[in-house]
Amino acid sequence: MRRYHAASLTPTGEIRDDEIRAPATPEFQAAFNAFAHGSIISTTEGEVAIEDLRPGMKVQTREHGPQTVMWIGNMTHIPDPNGAAIMTRVTSDRFGAAQPALDLLAGPGARMLHRPAGARFDQNDRFAYTPLRDFIDGDGVIGIPLRMASDTYHICLRRHATIRVGGLDLETFHPGMTILEQMGNNTRDLFLSMFPHIQRATDFGKLAHPRLTLQALEDAAA
């Protein structure tokens, strides 16, 4: 078990802050570990650092226009004693002009929306979310070990979507289409209780685009 923190929007429009004790497993940590402290999010009020974003503010999404932030989760990572690369740094212009505009640091749960060249998969718009760390090449995308405790964040909207983070298109939180079905009843109830605006698993809705690893995309293109 470990501690997580979350801020959520209540039905009355107030902001509720919670400290959560939940399993230190990938399924739970994925809700808190996409965006690094200092990440710049595009909102209707301009660019806002993730640590200054609050539920009730509206972010710009690629698919649905301005959307209200319902939930923001964060967790603290401590350095791995074995020096494992926890974070991913993307150098400026790595994926095109101003993509990102400046070097971008992201957490292990960050997924980037992109249009894979030559990939074949069942999606009309042919976009996919791929883990940012899959692109680590030691040059423009680099795995970064932590030297000190660092916070990461994730956000949840009413509808899963893509937001602009420092010039890159990254996805908002969604647990995935099957992960909740694989949990036991008690674990699933605990997971859902972290999101006050979610009553049942289906309330997360559909993924805006499919999720595919870089290896799966390379295999599809072969």
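Residues numbered from 1 in each chain as written. Predicted model: local features only at pLDDT ≥ 70, side-chain atom pairs only at ≥ 80, totals over all residues. Heavy atoms only, no water.

The name given to the protein in an unreviewed UniProt entry is Hedgehog/Intein (Hint) domain-containing protein, with Primorskyibacter flagellatus as the source organism.

Participant: Talk me through empty space enclosed by the protein; I want residue IDs and the actual numbers.
Facilitator: Enumeration over the complete set of coordinates arrives at one cavity of 30 Å³ or more. The calculated volume of the largest cavity comes to roughly 40 Å³. If you go around the largest cavity, the residues you meet are C156, L157, R158, R159, H160, T172, F173, H174, I198, D203 and F204. Taken together, the residues that form the lining of the largest cavity break down as five nonpolar, three polar and three charged. (1 Å grid on protein atoms, 1.4 Å probe; cavity = no way out; pocket = protein on both sides within 12 Å on 5 of 7 lines; lining within 4 Å. Points joined across faces, edges and corners; volume = space filled by probe spheres on them. Nonpolar A, V, L, I, M, F, W, Y, C, P; charged D, E, K, R; others polar.)

Participant: Provide a residue-level description of the pairing of strand β11 (residues 128-131), including the pertinent values.
Facilitator: With burial as the criterion, each face of β11 is covered, one bearing A128 and T130 and the other bearing Y129 and P131. One ladder, built from four bridges, connects strand β10 (residues 111-114) with β11; its direction is antiparallel. Note on β11: the bridge partner recorded for R111 is P131. (Buried < 20%, exposed > 50% of the residue type's maximum accessible area, 1.4 Å probe, protein only. Helix = DSSP H or I, 4+ residues; strand = E, 2+ residues; numbered from the N terminus. Pairing = 2+ DSSP bridges.)

Participant: Go over the pattern of salt bridges with me, naming the residues and quoting the values.
Facilitator: By the definition in use, this model includes nine salt bridges. R16 is the partner of D18 in a salt bridge, and the nearest nitrogen-oxygen pair spans 2.7 Å. The exposure class of D18 is partly exposed, given its relative accessible area of 24%. Of the residues examined, R16 reaches a relative accessible area of 37% and is grouped as partly exposed. Here D203 and R200 are joined by a salt bridge, their closest N and O atoms 3.5 Å apart. (Salt bridge = Lys/Arg side-chain N within 4 Å of Asp/Glu carboxyl O.)

Participant: Outline the environment of S42, supporting the account with residue identities and numerical values.
Facilitator: Here S42 is to be found in strand β4 (residues 40-43). The exposure class assigned to S42 is buried, which follows from its relative accessible area of 17%. In this structure the C-alpha to C-alpha distance between S42 and R133, which are 91 residues apart in sequence, comes to 22 Å. With sequence-adjacent residues up to four places away left out, S42 is seen in contact with V59, Q60 and R164. (Contact = heavy atoms within 4.5 Å.)

Participant: I'd like a rundown of the nonpolar core, residues and numbers included.
Facilitator: Among the nonpolar cores identified, the biggest contains 27 residues, and F35, L53, V59 and I155 are the most heavily contacted of them. Elements with a minimum of two residues in this core: β7 (65-77), β9 (104-106), β13 (150-157), β14 (162-165) and β15 (168-171). Broken down by element, this core gets its largest block of residues, three residues, from β13. I155 has contacts with F35, I50, L53, V59, V69, W71, I72, I163, T172 and F173, leaving out every residue within four places of it along the chain. If you look at the next biggest cluster of nonpolar residues, it comprises 20 residues, including A6, I179, F191 and F204. (Core = buried A, V, L, I, M, F, W, Y, C linked by side-chain atoms within 4.5 Å.)

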